Amino acid sequence: MVQFLGKQGTAGELIHMVTLDKTGKKSFGICIVRGEVKDSPNTKTTGIFIKGIVPDSPAHLCGRLKVGDRILSLNGKDVRNSTEQAVIDLIKEADFKIELEIQTFDKSDEQQAKSDPRSNGYMQAKNKFNQEQTSNNASGGQGMGMGMGQGQGQGQGMAGMNRQQSMQKRNTTFTASMRQKHSNYADEDDEDTRDMTGRIRTEAGYEIDRASAGNCKLNKQEKDRDKEQEDEFGYTMAKINKRYNMMKDLRRIEVQRDASKPLGLALAGHKDRQKMACFVAGVDPNGALGSVDIKPGDEIVEVNGNVLKNRCHLNASAVFKNVDGDKLVMITSRRKPNDEGMCVKPIKKFPTASDETKFIFDQFPKARTVQVRKEGFLGIMVIYGKHAEVGSGIFISDLREGSNAELAGVKVGDMLLAVNQDVTLESNYDDATGLLKRAEGVVTMILLTLKSEEAIKAEKAAEEKKKEEAKKEEEKPQEPATAEIKPNKKILIELKVEKKPMGVIVCGGKNNHVTTGCVITHVYPEGQVAADKRLKIFDHICDINGTPIHVGSMTTLKVHQLFHTTYEKAVTLTVFRADPPELEKFNVDLMKKAGKELGLSLSPNEIGCTIADLIQGQYPEIDSKLQRGDIITKFNGDALEGLPFQVCYALFKGANGKVSMEVTRPKPTLRTEAPKA
């Protein structure tokens, strides 16, 4: 739909209003650039100009726009001093309709050059730009193609315009001198840093992904070596090998599709569920692909310029069915038979029919199947959008009152997952509407009813409130007599001792191998600590009865005395339980002489044997490396964890010759401040 209203400006300029409606089209069809026009040797006009117009687009069909027109306002907003990105954002926000205030020239360039002295700069800039346009047509400079898909995507320049169309447009080419931020010349030797999102048209007019091998940039040396003529999708083997240089045995496979004959292709995903890939699981010898060089295990990375690499295999069938034309060109990577990747074994007997939608119910257990009889129309409208619960996808945006879809239970807001066995999980708006339009008779749809945005917000608010309440509960001071020891947090506890021994062995002291904290390494079953059942080995004791235990300034004997003192009724301890435990392990090797004891007094615990005492002077290796409180966890390679003490004692007693012991010792973080001098 186009509305036109004009008014005459000055010096042959015409200012008019144009309304573009892209309903049913992929884009508005205009490419813009910010530039400037010399009005005279001393003056110039800057602004946003139309750099190109896509054939058969709303901009082209209206007949009121031409290359070189200046956009003064968009939907009532003055854009004469706006940036390109700001105008792009305005067009995205406009959805399906935009109203443009256009400044154009109603005289021919030659007439204006004679009648208007300001046009000298205009013609000079025009001629210069035409020369640039010839060499630079494929890359398109800095112009931004607007309106792709549902207000998404942006292209660079007129990538879809071939050389002949470019020559025809020269008589109306935009006259601005562009300030290019960066160029996309195909013969540059630097790294390809172009934006690879969205779609682009090849010189033959086919729409492909920007990330396709058909849009791969070759440097000058690569172009000189590549003698192959590009096909309609821009493919050559040189471009394919450069785009997918990390993949093995790349192949270009071409086949003509027969409408009466299925492709006969079974697809599978990657065995690693964290990776996305599209593998050939089987090829029907009676199908259209039965006679071409494609085998089970091959990975399909592209088809007709549509990139399938790193995409879900469930959507590949929809891509195959929706590509334009009867010709299929696939890029595959052949793997060796023993290469891992495909999630299933190759299919040797090709099934007569394959329903790929069954995998949807594994991913979305709450999905449901709805059948609607199409009597001229289904009565639904869809939109490409985003939902907080599932992300982006196709959603039901409206229902015709009293339609079969409404009667079948379709709801506004439902996510459309499949149409007649064609998965729409990763489909864009055009693919989904194409499936719905082509469907006839009883249409089977898989839908997922989602929570409303308000319900999701309410659930999140309730969850946050619950977390806050739990946090406040945790922060409440606990009763020391019953306080639970939690990992990685200092906890004050109270032990009832009643003048009975605590019953622990600890490590720590300035003349000890542990100088950063006092740590429990053994709990005697008959002591008060064992009776309380809260303390465990490797718990770090930071203070006793409010007095910090700073082992860096206390002897080992002094530290031990703190735990062997007989307390009247109760004792308070500040405990820190590290998770994971803070430990170090090392080996002690020595030669044990026959008849000479090791000189170790051992006590069993859950992970080995604790050294309760040792006799100095037996072996220098033990004297220099071991101490009271160390835990021997392995003896001559045998783990002592869980062994009865009698077995451990026999191992130590009966050993002769070379002895190797693995020792575990606490290595706590320093958590007690040094005493002030």
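Keep in mind it's a predicted model, so treat the numbers as computed, not measured.

Regarding the overall build of the protein chain
Then comes step 1: A tally of regular secondary structure across the protein chain gives 16 helices and 35 strands.
Then comes step 2: Out of the 677 residues belonging to the protein chain, those deemed buried represent 47%.
Then comes step 3: The contacts in the protein chain between residues at least 6 apart in sequence include a share of 67% that link residues at least 24 apart.
Then comes step 4: Put simply, the protein chain shows about 35700 Å² of open surface, and 50% of that area lies on carbon and sulfur atoms.

Points about helix H11 (residues 429-438)
Then comes step 1: Where H11 is concerned, the buried positions are Ala432, Thr433, Gly434, Leu435 and Leu436.
Then comes step 2: Regarding H11, its N-cap is Asn428, as a side-chain oxygen of that residue lies 3.2 Å from the backbone nitrogen of Asp430 further along.

Focus: the nonpolar core
Then comes step 1: Core analysis: the largest hydrophobic core is formed by 24 residues, its most contacted members being Ile493, Leu495, Leu535, Ile541, Phe563 and Leu573.
Then comes step 2: Elements with a minimum of two residues in this core: strand E24 (490-496), strand E25 (504-507), strand E26 (518-523), strand E27 (540-544), helix H14 (556-564) and strand E29 (570-576).
Then comes step 3: Ignoring anything within four residues of it in the chain, the contact list for Leu535 reads Ile485, Ile493, Leu495, Ile520, Val529, Ile541, Leu573, Val575 and Arg577.
Then comes step 4: Judged by nonpolar contacts, the second largest core, of 23 residues, contains Val18, Ile32, Val87 and Leu100.

Some words on the pattern of salt bridges
Then comes step 1: As enumerated under the stated definition, the model contains 26 salt bridges in all.
Then comes step 2: Arg199 is the salt-bridge partner of Glu207, the closest N and O atoms lying 3.4 Å from each other.
Then comes step 3: For Arg199, the salt bridge goes to Asp209, with nearest N and O atoms at 2.5 Å. A residue pair is termed long-range when its members are at least 10 positions apart, and Arg199 in strand E10 (residues 199-201) and Asp209 in strand E11 (residues 207-209) qualify at ten residues.
Then comes step 4: Take Asp209: its relative accessible area is 15%, and that puts it in the buried class.
Then comes step 5: A single salt-bridge network, built from bridges that share partners, covers Asp231, Glu232, Arg252, Glu254 and Lys327.

Topic: the pairing of strand E23 (residues 442-448)
Then comes step 1: Across the seven residues of E23, five count as buried, placing the element largely inside the fold.
Then comes step 2: Pairing between strand E18 (residues 368-373) and E23: six bridges, direction antiparallel. Bridging from a neighbouring strand, Val372 pairs with Val443 of E23.
Then comes step 3: Judged from the four bridges that link them, strand E21 (residues 415-419) and E23 form a sheet pairing that is antiparallel.

Some thoughts on the environment of Gly282
Then comes step 1: Among the structural elements, Gly282 can be located in strand E14 (residues 279-283).
Then comes step 2: Gly282 sits in the buried class, given a relative accessible area of 0%.

A few points about the packing of aromatic side chains
Each pair of aromatic rings is reported with the distance of its centres and the angle of its planes.
Then comes step 1: Going through the model one piece at a time under the given rule, you end up with four aromatic pairs.
Then comes step 2: With 6.2 Å between their ring centres and 50 degrees between their planes, Phe233 and Tyr235 make a pair best called tilted. We note that Phe233, like Tyr235, is buried.
Then comes step 3: Here the aromatic residues Tyr206, Phe233 and Tyr235 are joined through ring pairs into a cluster of three or more.
Then comes step 4: For the cation-ring pair, Lys22 lies above Phe28, with the distance from its terminal atom to the ring centre recorded as 5.2 Å.
Then comes step 5: For the cation-ring pair, Lys596 lies above Tyr619, with the distance from its terminal atom to the ring centre recorded as 4.9 Å.

Quick notes on the side chain of His270
Then comes step 1: By the secondary structure assignment, His270 is in the loop between strand E13 (265-268) and E14.
Then comes step 2: Judged by relative accessible area, His270 falls into the buried class, the value being 18%.
Then comes step 3: At 3.0 Å, the side chain of His270 forms a polar contact with the backbone nitrogen of Asp272.
Then comes step 4: Setting aside anything within four residues of it in sequence, one finds His270 in contact with Lys275, Ala277, Phe279, Gly341 and Cys343.

Overview of the environment of Gly341
Then comes step 1: Structurally, Gly341 can be placed in the loop between strand E17 (327-333) and helix H9 (358-363).
Then comes step 2: Every residue in contact with Gly341, bar those within four places of it in the chain, is listed here: Gly269, His270, Lys271, Phe279 and Arg335.

Side note on the environment of Cys648
Then comes step 1: Mapped onto the elements of the fold, Cys648 is located in helix H16 (residues 645-654).
Then comes step 2: Taking the relative accessible area as the measure of exposure, Cys648 reaches 1% and is therefore buried.
Then comes step 3: Distance in space between the C-alpha atoms of Cys648 and Ser603 is 9.9 Å, their sequence separation being 45 residues.
Then comes step 4: In contact with Cys648, other than residues within four places in its own chain, are Cys609, Leu640 and Leu643.

Here we look at the confidence of the model for the protein chain
Then comes step 1: Scored by pLDDT, the protein chain has a mean of 80; 82% of the residues are at 70 or more.
Then comes step 2: This model gives residues 1-12 a pLDDT under 50, and the stretch forms 32 contacts once residues within four places in sequence are excluded.
Then comes step 3: Ignoring residues within four places in sequence, the model shows residues 107-190, a span with pLDDT below 50, making 184 contacts including any to other chains.

Description of unusual backbone geometry
Then comes step 1: The omega torsion across Asp579 and Pro580 is 5 degrees, close enough to zero to call that bond cis.
Then comes step 2: Along the polypeptide, Pro580 turns up in the loop between E29 and strand E30 (583-592).
Then comes step 3: Its identity as a non-glycine residue notwithstanding, Asn304 has a phi of 50 degrees, on the positive side.
Then comes step 4: Within the element layout of this structure, Asn304 appears in the loop between strand E15 (299-303) and strand E16 (306-307).

Basis of the calculations
- Residues numbered from 1 in each chain as written.
- Predicted model: local features only at pLDDT ≥ 70, side-chain atom pairs only at ≥ 80, totals over all residues.
- Heavy atoms only, no water.
- Helix = DSSP H or I, 4+ residues; strand = E, 2+ residues; numbered from the N terminus.
- Buried < 20%, exposed > 50% of the residue type's maximum accessible area, 1.4 Å probe, protein only.
- Contact = heavy atoms within 4.5 Å.
- Areas by Shrake-Rupley, 256 points an atom, 1.4 Å probe, with all protein chains shown as cover.
- Polar contact = N/O pair within 3.5 Å; in protein donor to acceptor, adjacent residues only side chain to side chain.
- Core = buried A, V, L, I, M, F, W, Y, C linked by side-chain atoms within 4.5 Å.
- Salt bridge = Lys/Arg side-chain N within 4 Å of Asp/Glu carboxyl O.
- Pairing = 2+ DSSP bridges.
- Phe/Tyr/Trp six-rings, centres within 6.5 Å; stacked < 30°, edge-to-face > 60°.
- Lys NZ or Arg CZ within 6 Å of the ring centre and 35° of its normal.
- pLDDT = per-residue confidence, 0-100.

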